[in-house]
Each structure stands twice: as C-alpha cells, then as structure tokens.
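Below, each chain spelled out in residue letters.
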Amino acid sequence: MNSTFKKNQEVRQEFGGPVMKVIGFEPELIENVITQWEDEEGTIITGKFMESVLVAAVE
C-alpha cells in the first residue's frame, strides 16, 4: 500500500472536524486509514476513513 499519509501524522476530514492522528492502515478495505482523536469529554475515539476524504491538518 502506498498511502499519502504516514503513521502519527495529524489529519482532518476535508470539510472540517477534529484533528486526528493516523494510527494505522488497512489496505484491503475502502476505508483504509485508521485514526484516533479525543473528544471534548476526554474520550478516545477510533475511526476509519477513506484516504480521499482526509487532508493533512495544518495548525
């Protein structure tokens, strides 16, 4: 798999949302980028996204 993103890189969805950290990849799936972020209450959330809907987070 040749991803645009690297593990531990900060990303966000193309149209906004929280800054997330890339924690892994699942190349056999369409939603192949595994991310993790913390919500307002301190809960750690893990999600899977298609690479095409993510952009590098620029703070």
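Residues numbered from 1 in each chain as written. Predicted model: local features only at pLDDT ≥ 70, side-chain atom pairs only at ≥ 80, totals over all residues. Heavy atoms only, no water.

Draft legend 1. Quick look at the sheet that holds strand S4 (residues 44-49). Spatial ordering of the open sheet is given by S4-S3-S2-S1-S5, a layout of 5 strands whose pairing is antiparallel. Pairing within the sheet leaves two strands with one partner each, and these edge strands are S4 and strand S5 (54-56). Adjacent strand axes in the sheet meet at a mean angle of 45 degrees when their direction is disregarded. Pairing between strand S3 (residues 33-38) and S4: 6 bridges, direction antiparallel. The residue bridging Ile34 from the neighbouring strand is Lys48, located in S4. (Pairing = 2+ DSSP bridges. Helix = DSSP H or I, 4+ residues; strand = E, 2+ residues; numbered from the N terminus. Axes fitted to C-alpha atoms, helices over the stretch in contact; angles between N-to-C directions.)

Draft legend 2. Up close: the pattern of salt bridges. Going through the model one piece at a time under the given rule, you end up with 1 salt bridge. For Lys48, the salt bridge is made with Glu26, and the minimal N-O distance between the two is 2.7 Å. One end of the pair, Lys48, is in strand S4; the other, Glu26, is in the loop between strand S2 (16-25) and S3, with 22 residues separating them in the sequence. According to the relative accessible area criterion, Lys48 is partly exposed, its value standing at 38%. (Salt bridge = Lys/Arg side-chain N within 4 Å of Asp/Glu carboxyl O. Buried < 20%, exposed > 50% of the residue type's maximum accessible area, 1.4 Å probe, protein only.)

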